[in-house]
Amino acid sequence: MQCDYFDAGRCRSCTLMGVPYATQLADKQRHVAEVLSAHVPPGAWDQPVRSPASHFRNKAKLVVGGRPGRPTFGILDAGGRGVDLRRCGLYEPGLTATFDPLHHVVADLGIAPYDVPGRRGELKHVIVTHSPDGEHLVRFVVRSEAAAQSLREALPAVRSAVPSARVVTVNVHPEHKAVLEGEVEHVLTDERLLPMRLPGARLLLGPRSFFQTNTAVAAALYEQARAWVTETAARTVWDLYCGVGGFALHLAAPERSVVGVETSAEAVGAARAAAADVPGDVRFHAGDATTDPPGGPDPDLVVVNPPRRGIGPDLAALLDRSPSRHVVYSSCDVTSLERDLAAMPSLRVVAARLADMFPQTRHVETLVLLERTQAPARLR
């Protein structure tokens with residue numbers, strides 16, 4: 001992939017830009033295999049899930065800079081000035097198509113971009129998600145309710161500029177700190193959820209929902225998990241850190257009971273709505289995966305998809321001594337994955353696969369299937 005922004009030194013986010021994609025993928029596979037060599041035998045690795053080298057991102061978090069009437073959409077430079085990246089080659093074409101229309105709306109509205117060094121102004125971010133059906137979720141992040149009202153009044157202009165905008169929201173984030181969003185979210189449209197229709201299930205995304213940024217690779221990741229779970233013949237499954245239910249909904253089957261656990265009430269609500277479309281007994285529970293697991297029978301298999309920090313020692317110890325025969329672990333950080341695998345000596349990795357969610361960077365997703373090698377301590 002060639003990028004004019006990178007070549008000009010305007011953006012260096014893609015640290016592997018210029019490295020042939022086949023080399024990137026081989027280097028990632030080699031690195032992950034080396035870090036996990038004490039836990040994953042060489043024969044357990046399947047071929048990595050490839051991604052398109054460009055035009056793969058389904059979500060854009062655009063920092064708004066510049067000045068009223070002439071905003072920039074992209075990032076800020078070292079001095080806090082806006083760098084416009086509307087032609088970035090990472091985004092899906094259907095996502096890029098919204099940037100200029102939204103830019104025109106913001107420019108015409110005259111709302112002041114937030115000046116980070118000066119701590120003044122209003123509009124901080126424009127965040128856009130693109131679905132496989134060509135629909136969009138558009139979020140504006142502003143500092144005040146007055147700015148939120150201006151955008152509420154501008155909703156007809158937003159929908160005229162981007163007719164595919166199924167959901168439009170305004171988030172109010174008055175504080176000056178390195179956090180993307182605030183606590184208050186105003187949904188301006190009748191629709192509150194964006195459908196993400198994948199080959200294996202339809203997910204529903206709310207404004208704050210997490211979804212993998214690479215739709216094609218996410219679908220392959222879910223399909224791999226479903227294949228592994230089918231091979232184990234698991235009848236009861238827990239999906240911990242389930243988010244909007246990506247794994248849980250893909251594991252739904254007439255003969256299987258699936259329970260998802262997630263701290264975000266919004267995500268749980270979206271997952272419950274999507275569960276109406278899948279077979280079997282699929283339920284979702286709002287709670288902490290470590291301290292508030294679902295009740296009922298012990299699961300045959302547990303799926304964990306934690307944030308970058310991993311599952312931590314408490315949940316690792318719980319899984320290590322649980323009666324579950326299998327664990328599927330999806331990790332976005334190989335270092336925390338290695339630490340967690342070391343903390344579960346009663347489980348061994350029998351299959352592993354790398355999924356290249358983020359080409360042009362060193363980030364990668366790793367999926368492993370663990371099998372119990374000895375009876376849990378509490379049953380011996």
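The rules we used
- Residues numbered from 1 in each chain as written.
- Predicted model: local features only at pLDDT ≥ 70, side-chain atom pairs only at ≥ 80, totals over all residues.
- Heavy atoms only, no water.
- Core = buried A, V, L, I, M, F, W, Y, C linked by side-chain atoms within 4.5 Å.
- Buried < 20%, exposed > 50% of the residue type's maximum accessible area, 1.4 Å probe, protein only.
- Helix = DSSP H or I, 4+ residues; strand = E, 2+ residues; numbered from the N terminus.
- Contact = heavy atoms within 4.5 Å.
- Pairing = 2+ DSSP bridges.
- Axes fitted to C-alpha atoms, helices over the stretch in contact; angles between N-to-C directions.
- UniProt positions renumbered as here; feature names shortened; annotations may be inferred.
- Arc of directions from axis to C-beta.

For the protein chain, the name recorded in an unreviewed UniProt entry is Methyltransferase domain-containing protein, with Phycicoccus avicenniae as its organism.

### Section: the nonpolar core
Formed by 46 residues in total, the largest nonpolar core has its most connected members in Leu203, Phe211, Val237, Leu249, Val282, Phe284 and Val328. Per element, the largest residue contribution to this core is seven residues, and it comes from helix α7 (residues 215-232). Not counting chain neighbours up to four residues away, the residues in contact with Val282 comprise Leu249, Ala252, Val258 and Ala275. If you look at the next biggest cluster of nonpolar residues, it comprises 39 residues, including Cys14, Phe73, Tyr91 and Val138.

### Overview of the sheet that holds strand β3 (residues 82-84)
In sheet architecture, strand pairing relies on hydrogen bonds along the backbone and comes in two forms, parallel and antiparallel. The mixed open sheet is built from seven strands, whose spatial order is β3-β2-β1-β4-β5-β6-β7. Sheet topology places β3 and β7 (184-187) at the edges, where each strand pairs with a single neighbour. Neighbour-to-neighbour, the strand axes of the sheet open up by a mean angle of 35 degrees, direction not taken into account. As paired elements, strand β1 (residues 59-67) and strand β2 (residues 70-76) share five bridges and run antiparallel to each other. What sits directly across from Val64, in β2, is Phe73.

### Describing the UniProt feature "active site" (unreviewed entry) in the protein chain
When the UniProt feature table is mapped onto this chain numbering, "active site" (unreviewed entry) sits at Cys332. Along the chain, the position of Cys332 falls in the loop between β14 (326-331) and α11 (334-342). A relative accessible area of 21% means that Cys332 is categorised as partly exposed. Beyond its immediate chain neighbours, meaning those up to four positions away, Cys332 contacts Pro306, Pro307, Arg308, Val364 and Glu365.

### Side note on helix α10 (residues 312-321)
Inspection of α10 places Gly312, Leu315, Ala316, Leu319 and Asp320 among the buried residues, and these make up the whole buried set. Down the axis, α10 shows its buried residues gathered within 140 degrees of arc, on one side only. Along α10, the residues that are exposed and aim more than 90 degrees away from the buried face are Pro313 and Asp314. Taken together, the buried residues of α10 touch β10 (236-240), β13 (301-304), α11, β15 (347-355) and β16 (365-372).

### Brief notes about the sheet that holds β10
Sheet architecture is open: seven strands sit in the order β12-β11-β10-β13-β14-β16-β15, paired in mixed fashion. Strand pairing shows two members of the sheet lacking a second neighbour, β12 (281-286) and β15, which therefore form its edges. Averaged over neighbouring strand pairs, the angle between their axes works out to 15 degrees when direction is ignored. As paired strands, β14 and β16 are joined by six bridges and run antiparallel to one another. Looking across to β16, one finds that Tyr329 is bridged to Val368. The sheet strands contacting α10 are β10, β13, β15 and β16, and the helix crosses β13 at an angle near 160 degrees. Against the sheet, α11 makes contact with β14, β15 and β16, and its axis sits at roughly 160 degrees relative to β14, the strand it touches most.

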